[in-house]
Amino acid sequence: MSSYVGVVVSDPWLHSQFTQVELRTLKSKVNQSTIYNLQSTIYFNSNKTLLERFTVGELPPLVAPLMRMRSNLYWTSLMPILLIKKSISRLSSGVQARGVEKSGGSKASSSSSFLKTSTTTVHHAINESEKASYVSHVNSYLRDDPFLKSYLPIHPATNAFFDLVKDGVLFKLINLAVPGTIDERAINTKKILNPWERNENLTLGLNSAKAIGCTVVNIGTQDIAEGRPYLVLGLISQIIKIQMLADLNFKKTPSLFQLVDDTQDAEELMGLAPEKVTNFSSDVKDGEAYAYLLNALAPEHSSHVALETKDPTERAKKVLEQAEKMDCKRYLSPKDIVDGSANLNLAFVAQIFQHSSKSTSFSEMMTDDVETSREERCFRLWINSLGTATYVNNVFEDLRNGWVLLEVLDKVSPGSVNWKHANKPPIKMPFKKVENCNEVIKIGEELHFSLVNVAGNDIVQGNKKLLLAFLWQLMRYTMLQLLKNLRSHSQGKEITDADILYWANRKVKRVGRTSQAESFRDKNLSSGIFFLELLTAVEPRVVNWSLVTSGETEEDKKLNATYIISVARKLGCSIFLLPEDIIEVNQKMMLILAASIMYWSLQQQLDTDSNVSEDATDEGDANTVTGEISNLSLDEASESSLVQDQELLTKADEDKDEVDGDGDGENNNDA
């Protein structure tokens, strides 16, 4: 694997304004196009010298020419933002913006001068109070960790926290939030790591953070390696939030029912996300809400003193004193309450509910549908990883108005949605929701999804089986399109399930391994050996075979399955399955896992020019995928896949009228 080199901009201010992902895109655009005319439009006057200064009031005429430049939409969207940021920051610091004389030469030198122009350095402000709270959280929860105890406690006034994030804290926090997410055997733990090993660790961390629900769009491994404070704190805050809210639901925290009206529907309440209780900023600043909450949940530790106190800061102190009697960790100070720090207040509320001991009979009404819950989790995390505008907390509730599904469809198939026909939330009229969902079904049919006897109203009514069947087809379509778009390997032809299976088997066989999969239903896949051999085939050094078990017992299978997931994420695969999916040979998840490994492998070959022989070898694989694969009777394989999708939808359709489409937890792995 080639080492990763981040894009470095000599100008600190410019460097601080973009993530590594954005910088790489910017560099690509600079290399591909000229900005000579752009610079001329913005900075030149008739004497061909740069404008010496500009103010906020002068921005409109400077930016206006950009908006007319339709030949380069990227620069059109980037430069106005850059100019405004630069102008405001300079004016606020009392520094006049001064230009730099245009240097002669080629277009490339013009591009270079743009990136290297000296300017006032502006840093992203970070909330020191939040930083101190996150440091306290790490010190408290990880103080006994064998790997980190020699580094803890961290002093919040230093930057040691950011160094530890890239050296291990990130992994530990993720496993605290969702235990078992990262198999620590997959982490490179040498005292001194080379660039490849460090990058692998950070890739594992970012993909694992994504897999538990963090939004990591536009955050790259180099950003974490550099310890960029505002990005690191943003990621850490998401992980801690997930940890604190993990048990904040009506099943594990039935005391929540004490805060709602008895007439409200229990099923609807159970679908609410923890953070749906808002606002954690202005609404709690005076401390009264906390005082009432503590009186309701723990009257034995509460009194009316807090409510009778007039001064908000004093009331906040009383509230924290009462919370400490419930063994709540102090995540915030009285000042944080008064200032309305949203993240810290959210963590504090989560602590209060977690330490509330009361129970109600409502918890007995709740039953777990393990299979459905697992699929819901997978699709929810996948949707959120796409970077859609709307964050999904519960698939069965948040997708019923059709809007999120339209956002997802527009992401995976750009231009497929006619937004003029879409109704934007909040949607009060039921028929508007049906219109959105009908549009979803229409687009699905255009993408050749199997949707016989499925109508938009089924989604609105919350038919779980039909919705899961639709989401599976959507996820599968997305993965197959990614593979298809690697044109040097597919020549633009459609990729099928059989192609992926053939590629995986051939890849394993060509490195001298013996495992072969008859299908993605093959029960032998439960041992995990095939996928470990496939991972070894695409990257020989990524699997430590001394850690691999025979996969014969249930415990051995679980060890292998957790290791497979972490190793795949360490390579760079974005996957959302659980060890149970491998152990039980969930056909759908087996396909996605193999496709993700295939996509990563082929993508690496496209990005690397150094090994000609390897390229030639894999080109042979590609030709086989598109040529010799005809020996596998692809029409039959594709037809089989469609039949399986239809079988699931038919079964779901038959169950439509059962308990209002809630589903019965039946295993649908054959879909």
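This structure is a prediction, so every number in the text was calculated from the model and none was measured.

## A closer look at the overall build of the protein
Part 1 of the reasoning: Secondary structure summary: the protein contains 31 helices and 0 strands in total.
Part 2 of the reasoning: When each of the 671 residues of the protein is scored for burial, the buried share is 51%.
Part 3 of the reasoning: Accessible surface computed for the protein: about 31,700 Å², of which carbon and sulfur atoms make up 52%.

## Considering the nonpolar core
It is characteristic of soluble globular proteins that their nonpolar side chains tend to be buried jointly.
Part 1 of the reasoning: Counting 149 residues, the largest nonpolar core has Phe 161, Ile 500 and Phe 531 as the members making the most contacts within it.
Part 2 of the reasoning: Discounting residues that sit within four places of it in the chain, Phe 161 has contacts with Tyr 134, Val 135, Val 138, Ile 154, Leu 233 and Ile 236.

## Let's talk about the packing of aromatic side chains
Part 1 of the reasoning: Going through the model one piece at a time under the given rule, you end up with 7 aromatic pairs.
Part 2 of the reasoning: Where Phe 449 meets Phe 470, the ring centres are 5.6 Å apart and the plane angle is 70°; that geometry is what we call edge-to-face. Taken together, the residues span a long stretch of sequence, with Phe 449 in the loop between helix 21 (430-446) and helix 22 (456-460) and Phe 470 in helix 23 (residues 464-484) at a distance of 21 residues.
Part 3 of the reasoning: Taken together, the ring pairs connect Phe 449, Phe 470 and Tyr 477 into an aromatic cluster.
Part 4 of the reasoning: One residue, Lys 464, lies across the ring of Phe 396, its end atom 4.9 Å from the ring centre.

## Here we look at the side chain of Gln 587
Part 1 of the reasoning: Turning to its location among the elements, Gln 587 is positioned in helix 29 (residues 587-607).
Part 2 of the reasoning: The class for Gln 587 is buried, based on a relative accessible area of 12%.
Part 3 of the reasoning: Reaching out from Gln 587, the side chain makes a polar contact with the side chain of Arg 521 at a distance of 3.4 Å.

## What about the packing of helix 13 (residues 288-297) against helix 17 (residues 342-354)?
Axis angle and axis distance: for two packed helices, these are the angle between their axes and the distance between the axes, and together they describe the pair.
Part 1 of the reasoning: Contact geometry of helix 13 with helix 17 gives a least axis separation of 11 Å together with a crossing angle of 15°. In this view, helix 13 runs roughly parallel relative to helix 17, as classed from their interaxial angle. Viewed along their axes, helix 13 and helix 17 form a crossing whose handedness is right-handed. Mapping the contact onto sequence places Tyr 290, Leu 293, Leu 294 and Leu 297 in helix 13 and Asn 345, Phe 348, Val 349, Ile 352 and Phe 353 in helix 17.
Part 2 of the reasoning: Looking at the contact of helix 13 with helix 17 residue by residue, the class counts come to 8 nonpolar, 1 polar and no charged.

## With respect to the side chain of Asn 560
Part 1 of the reasoning: Locating Asn 560 in the fold gives a position in helix 27 (residues 554-571).
Part 2 of the reasoning: The buried category is assigned to Asn 560, whose relative accessible area is 0%.
Part 3 of the reasoning: At a separation of 2.9 Å, a polar atom in the side chain of Asn 560 contacts the main-chain carbonyl oxygen of Ser 527.
Part 4 of the reasoning: Among all residues touching Asn 560, those that are not within four sequence positions of it are Arg 185, Ser 527, Ile 529, Leu 532, Val 548, Thr 549, Ser 550 and Gly 551.

## Regarding the confidence of the model for the protein
The predicted coordinates of low-pLDDT regions are not to be read in fine detail.
Part 1 of the reasoning: The share of residues in the protein with pLDDT of 70 or more is 63%, and the mean pLDDT across the chain is 74.
Part 2 of the reasoning: Confidence drops under pLDDT 50 across residues 609-645; counting only partners more than four residues distant or on other chains, this segment forms 52 contacts.

Analysis parameters
Residues numbered from 1 in each chain as written. Predicted model: local features only at pLDDT ≥ 70, side-chain atom pairs only at ≥ 80, totals over all residues. Heavy atoms only, no water. Helix = DSSP H or I, 4+ residues; strand = E, 2+ residues; numbered from the N terminus. Buried < 20%, exposed > 50% of the residue type's maximum accessible area, 1.4 Å probe, protein only. Areas by Shrake-Rupley, 256 points an atom, 1.4 Å probe, with all protein chains shown as cover. Core = buried A, V, L, I, M, F, W, Y, C linked by side-chain atoms within 4.5 Å. Contact = heavy atoms within 4.5 Å. Phe/Tyr/Trp six-rings, centres within 6.5 Å; stacked < 30°, edge-to-face > 60°. Lys NZ or Arg CZ within 6 Å of the ring centre and 35° of its normal. Polar contact = N/O pair within 3.5 Å; in protein donor to acceptor, adjacent residues only side chain to side chain. Axes fitted to C-alpha atoms, helices over the stretch in contact; angles between N-to-C directions. Parallel < 35°, antiparallel > 145°, perpendicular 65-115°, else oblique. Left-handed = near helix turned anticlockwise from the far one by under 90°. Nonpolar A, V, L, I, M, F, W, Y, C, P; charged D, E, K, R; others polar. pLDDT = per-residue confidence, 0-100.

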